[in-house]
Amino acid sequence: MSSIRKRALSLCLSLALCLGLSLPAAAAASFTDVGAASPYYDAVRWAMENGVTNGTTKTTFSPDAPCTRAQLATFLWRAAGEPEPALTEQQFMDVTDPSAYYYKAVQWAAEKDMWGFGTFDPHVACTRLDAVFFLWRANGSPKMDGEFPFADVPFGDGDEHGQPIYWHADQAVLWAVENGITSGTTETTFSPDLPCTRGQVITFLYRAAQAVTTAK
């Protein structure tokens, strides 16, 4: 075995031990909860093959379990190749442990302006708006000019109370819809506050990766 492969395997093992995760797909049994007929099958296989995430056990992926904001940031960071964050100072009051599996991912998320308030709430379930906004930021915040059909998404620079929960949330949602990453829950609603599952978030990432590949 070459030294490069040995280092890669060592890194994989260390990551699995640190996160309490299973080994990659090639070394793990098939997931009993993500069969070939599952709507998440292709996305989960892509995630495993690209080191974005592993299963919650050797035989389960838990696609219906809530996806936390820390997991969302970590999935995106890994999909981007685990870049070293340029920000070295702690960015959030509730993300302070450099040994946490998500620490660098959250630092990177702050660098990409995915979130900029005093707390990150890493263990809170991410919402549909969290997911598409973080993805939009990770993909360079492209400007969108299409017609915006959703009445329940903060438009422009804030919500109906003028609070800038997400700047340009409408742009992120429109980008996600027009690129086939997700759709509205109805023709006029997006349901931005609905929590996302692991399967849904991985599917969003997979579709975004496919859209980028197609664009090239």
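Residues numbered from 1 in each chain as written. Predicted model: local features only at pLDDT ≥ 70, side-chain atom pairs only at ≥ 80, totals over all residues. Heavy atoms only, no water.

Assigned secondary structure in the chain consists of 7 helices and 0 strands. Secondary structure of the chain in N-to-C order comes out as α-α-α-α-α-α-α. Across the 216 residues in the chain, those meeting the buried criterion constitute 44%. Per element, the accessible surface of the chain, about 11500 Å² overall, is 54% carbon and sulfur. (Helix = DSSP H or I, 4+ residues; strand = E, 2+ residues; numbered from the N terminus. Buried < 20%, exposed > 50% of the residue type's maximum accessible area, 1.4 Å probe, protein only. Areas by Shrake-Rupley, 256 points an atom, 1.4 Å probe, with all protein chains shown as cover.)

To continue, consider unusual backbone geometry. Although it is not a glycine, Asp113 sits at a positive phi angle of roughly 60°. Counting through the fold element by element, Asp113 comes out in the loop between helix H4 (103–111) and helix H5 (128–138). Positioned with a positive phi, Ser141 is a non-glycine residue whose angle comes to about 50°. Within the fold, Ser141 resides in the loop between H5 and helix H6 (169–178).

Among the structural elements, Thr74 can be located in helix H3 (residues 69–79). Looking at Thr74, the relative accessible area reads 1%, which means it is buried. In this structure the side chain of Thr74 is engaged in a polar contact, spanning 2.7 Å, whose partner is the backbone oxygen of Ala70. With residues near it in sequence (within four places) discarded, Thr74 still touches Tyr101, Tyr102 and Ala105. (Polar contact = N/O pair within 3.5 Å; in protein donor to acceptor, adjacent residues only side chain to side chain. Contact = heavy atoms within 4.5 Å.)

All chains considered together, the criterion is met by 8 aromatic pairs. A centroid spacing of 5.8 Å and a plane angle of 50° characterise the contact between Phe31 and Phe61, whose relative ring orientation is tilted. Remark: Phe61 occurs in the loop between helix H2 (41–49) and H3 and Phe31 occurs in the loop between helix H1 (3–19) and H2; sequence separation between them is 30 residues. Under the relative-accessibility criterion, Phe31 is labelled buried at 13%. Judged by relative accessible area, which is 0%, Phe61 ranks as buried. (Phe/Tyr/Trp six-rings, centres within 6.5 Å; stacked < 30°, edge-to-face > 60°.)

Counted under the stated rule, the structure contains 3 salt bridges. With its nearest N and O atoms 3.7 Å apart, the salt bridge here joins Asp42 to Arg45. Highlighted residues: Asp42 and Arg45, both in helix H2, separated by 3 residues, approximately one helical turn. Arg45 sits in the partly exposed class, given a relative accessible area of 41%. We note a salt bridge from Arg69 to Asp130, for which the minimum N-O separation is 3.2 Å. Placement of the pair is Arg69 in helix H3 and Asp130 in helix H5, with a sequence separation of 61 residues. Residue Arg69 is classed as buried on the basis of its relative accessible area of 5%. Given the relative accessible area of 6%, Asp130 is considered buried. (Salt bridge = Lys/Arg side-chain N within 4 Å of Asp/Glu carboxyl O.)

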